[in-house]
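Each chain, written out:
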Amino acid sequence: MNQPTGATIVEIAQKRSEKHPDRNYITFLLDGDDQEDFLSYGQLDTSARHVAAWIKNQGLEKKDRALIILPNSMEFVKIFYGCLYGGILAVPLSEPAGPHQMQSYLKTFVPTLKSSKPKLLITTALLVDFLNTQLPPELSSIFTDIKIVSDQDILNADPQHSDLPDLSPEDIAYLQFTSGSTGMPKGIMIGHSNILANMEQAVIFCHWEEKKGTALWLPLFHDFGLAAGLIGALYMGGFAVLTTPVHFILKPVRWLRMISKYQCSYSYAPPFAYDICVKKVSDEEKQQLNLSSLVCSVFGAEPVQYSAVKNFNEKFASCGLKPNAIRPGFGMAETVILFSVSKKLESLCVDRQFLETEGVVKLIDENSSENQIKHLVNLGTNMSGHEIVIKNEQNLALPDGVVGEIVISGPSVCPGYYENPEATRETFQQMIQGKDQPFLSTGDLGILWEKNLYFTGRIKDLIIIHGRNYYPQDIEYALAQISELRAGCIVAYSTESEEGEQLVLAMEVRKDLLKDMDILQNYILPTIDWKITELIGQQFQIYPAVRHYLQPGVIIKTSSGKIKHVANVKRFKKGNIEGLLATLPKEPVQSVGENNIRATVQQLFKKIVEQEPVMDLPFLDLGGDSIKTIEFIEILQQKYPVPDQDIMDNIDETTTLNDIATWFQERI
């Protein structure tokens, strides 16, 4: 790859503009399909200088912070790079769920604001209006010294010319606040040197090539979308085809169409996205796809299940998908994004019980009984100049095949958390006996085997019963095969009892089974419960002492669709679980259903999407997490099945909740 050298990502962008000003950088699909907007490298440079000049005219100086609260858009791209050019530390954050959720959004937003101490907040006109006119009095003082401005106000302004600041590799480029933080949020300081070191290795691991495309729908406030997708495309001198998470959720095939239509070579997504495509993309839609251009689509952001990748490969092999294109990987925002990527789907077939009791790998035959087998997915080797160590509690490096904490070091590892030296020492400065350099503590468990990394679980999620270690992800994944439960909506954890630790399961039941509560409580739940106890007993040789059966939408997830284990477990342990249908073997708790379709649409939208159900407005404009939105639609279809028809085929940006209710009423 003809990679221009540069000390910072800004210098790379400027050289791209000088050498190829007319080369396309961003193709933004406004409707998720065919409405295109374009941004060349030359236009990016011009807009970034414009934004940087405007910010400097406001009195901000190098290293000052600016919150960016914008959706995936050309505006986000221009504002973000403008901050980079100006030496301003951008803090990309998720948007509020919608106009009805501004107050609740502030509860999660204010701690990040206090931690980052910004001088500028750049957001949509809607949020600007709210913060200027409807801010609760008790919060007014927090925003006193912050200039609040819309993206359009900046981009339409005519700022005075201003010289750009000198930037060095040691400078911090932006702050990435970790999702799901508890207490005071921590901002990871992403340095220019970290970005370039990580991008340089991604060229090797992901086979990046100049002029090649990246298909991207992930939110740009998230490290997977921002670093791997947006910045990665610029670093390699390629282009990104960009749309929004909502457009993907409404029609998952759009992601694959992006790859097919623009012949993209790269993409990134968490496991749920691949699962949705396996479930939702029809045979007819498959016939229109050509995925032969895909070189590397990284499967990551949470534990990788062997069968999930295998199912995706098998489903889309007929579309030209290469068997080595979907590549499980390991990374985190503290390392910019990537740290290891495999060459293809490979796994170790190990003895589950031996791993859980002894913490050591014992290879077994693929033909062993199902309850013996555990597939550990290969996540690849460490990057050049980086090191992965598996350590024990005494900070001693462990030999191959022994489970311990994954710790990593190298130039991709960021310097620490912004203005949080205590958390920085605890996480970024772990010393391993016999090693000179500090290591980053990942909080993940894994093994090394023939220099490759294999993930086994999270330290804080580990379940230990009778001296045996159980990984909740294994139990949750096994339970997904029970058809009456909602896959991806299961939480396994342990709790103290007089007899010691015991396994507890919290599981969402399919909505269509809730039509008749008497039948559910007296017949369906006992049958499901028998299946669960038998399955867990056979595969894990353990009895789930408590089983909570929940309505859909109760399990809390992150914006990227991952289960928030800590938050869920804390809530469940307090008792009084909202949406509880029954706890077995205790007496079941009744839950009232709703038969009227229109009322059910309102009820489910409010409960699952957590927005006020305004029936005559486009329901996508009402806000809400994209994952919850698709859950809302799926639950309606389960509750009111219409053979051979999918309401998703009839939904667009103008569809209202009234339209959805009418669609079902006309077909039931």
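### Section: the sheet that holds strand 17 (residues 387-391)
Here is step 1: Strand order in this open sheet of four strands is 17-18-19-20, and the pairing throughout is antiparallel. Every other strand in the sheet has two partners, leaving strand 17 and strand 20 (452-458) as the edge strands with one partner each. Shown here is a sheet whose adjacent strand axes are inclined to one another by a mean of 50 degrees, direction ignored.
Here is step 2: By the bridge criterion, five bridges tie strand 17 to strand 18 (residues 404-409) in an arrangement that is antiparallel. Across the sheet, the residue bridging to valine 389 is valine 407, located in strand 18.

### Structural notes on the environment of lysine 511
Here is step 1: Relative to the assigned elements, lysine 511 resides in the loop between strand 24 (500-509) and helix 17 (517-540).
Here is step 2: Of the residues examined, lysine 511 reaches a relative accessible area of 10% and is grouped as buried.
Here is step 3: As for lysine 511 and leucine 550, which are separated by 39 residues in sequence, their C-alpha atoms are 9.9 Å apart.
Here is step 4: Sequence-distant contacts of lysine 511, that is, excluding residues within four places in its chain, are made with Pro552, Leu604, Ile635, Gln638 and Lys639.

### Regarding the sheet that holds strand 14 (residues 338-341)
Here is step 1: One open sheet accounts for eight strands, arranged 2-1-10-9-11-12-13-14; its pairing is mixed. Every other strand in the sheet has two partners, leaving strand 2 (36-40) and strand 14 as the edge strands with one partner each. Ignoring strand direction, the axes of neighbouring strands in this sheet form an average angle of 25 degrees.
Here is step 2: Set on the sheet, helix 11 (residues 271-280) makes contact with strand 11 (266-269), strand 12 (296-299) and strand 13 (326-331); between it and strand 12 the angle comes to about 110 degrees.

### Focus on unusual backbone geometry
Here is step 1: The peptide bond linking leucine 584 to proline 585 adopts the cis configuration, its omega dihedral lying at 10 degrees.
Here is step 2: Its place among the elements puts proline 585 in the loop between strand 26 (580-584) and helix 19 (597-609).
Here is step 3: The backbone of asparagine 395 shows a phi angle near 60 degrees, a positive value even though the residue is not glycine.
Here is step 4: Tracing the chain through its elements places asparagine 395 in the loop between strand 17 and strand 18.
Here is step 5: Take asparagine 395: its relative accessible area is 17%, and that puts it in the buried class.
Here is step 6: One non-glycine residue with positive phi stands out, namely lysine 451, at about 75 degrees.
Here is step 7: Note on placement: lysine 451 falls in the loop between strand 19 (440-449) and strand 20.

### Description of the packing of aromatic side chains
Here is step 1: Applying the stated criterion across every chain yields a total of 20 aromatic pairs.
Here is step 2: Aromatic side chains tryptophan 217 and phenylalanine 248 sit 4.0 Å apart centroid to centroid with 10 degrees between the ring planes, which places their arrangement in the stacked category. Of this pair, tryptophan 217 sits in the loop between strand 9 (213-216) and helix 8 (223-236) while phenylalanine 248 sits in helix 9 (residues 245-250), and the two are 31 residues apart along the sequence. With respect to burial, tryptophan 217 and phenylalanine 248 carry one shared label: buried.
Here is step 3: Chaining the aromatic ring pairs together yields one cluster made of Trp217, Phe248, Trp255, Tyr274, Phe299, Phe312 and Phe316.
Here is step 4: One residue, lysine 186, lies across the ring of tyrosine 417, its end atom 5.4 Å from the ring centre.
Here is step 5: Taking NZ or CZ as reference, lysine 362 lies 5.4 Å from the ring centre of phenylalanine 354, over its face.

### Quick notes on the environment of glutamine 473
Here is step 1: Inspection of the secondary structure puts glutamine 473 in helix 16 (residues 472-479).
Here is step 2: Residue glutamine 473 is classed as buried on the basis of its relative accessible area of 11%.
Here is step 3: Each C-alpha atom of the pair glutamine 473 and isoleucine 490 lies 9.3 Å from the other, and the pair is 17 residues apart in sequence.

Reading the values: the criteria
Residues numbered from 1 in each chain as written. Predicted model: local features only at pLDDT ≥ 70, side-chain atom pairs only at ≥ 80, totals over all residues. Heavy atoms only, no water. Pairing = 2+ DSSP bridges. Helix = DSSP H or I, 4+ residues; strand = E, 2+ residues; numbered from the N terminus. Axes fitted to C-alpha atoms, helices over the stretch in contact; angles between N-to-C directions. Buried < 20%, exposed > 50% of the residue type's maximum accessible area, 1.4 Å probe, protein only. Contact = heavy atoms within 4.5 Å. Phe/Tyr/Trp six-rings, centres within 6.5 Å; stacked < 30°, edge-to-face > 60°. Lys NZ or Arg CZ within 6 Å of the ring centre and 35° of its normal.

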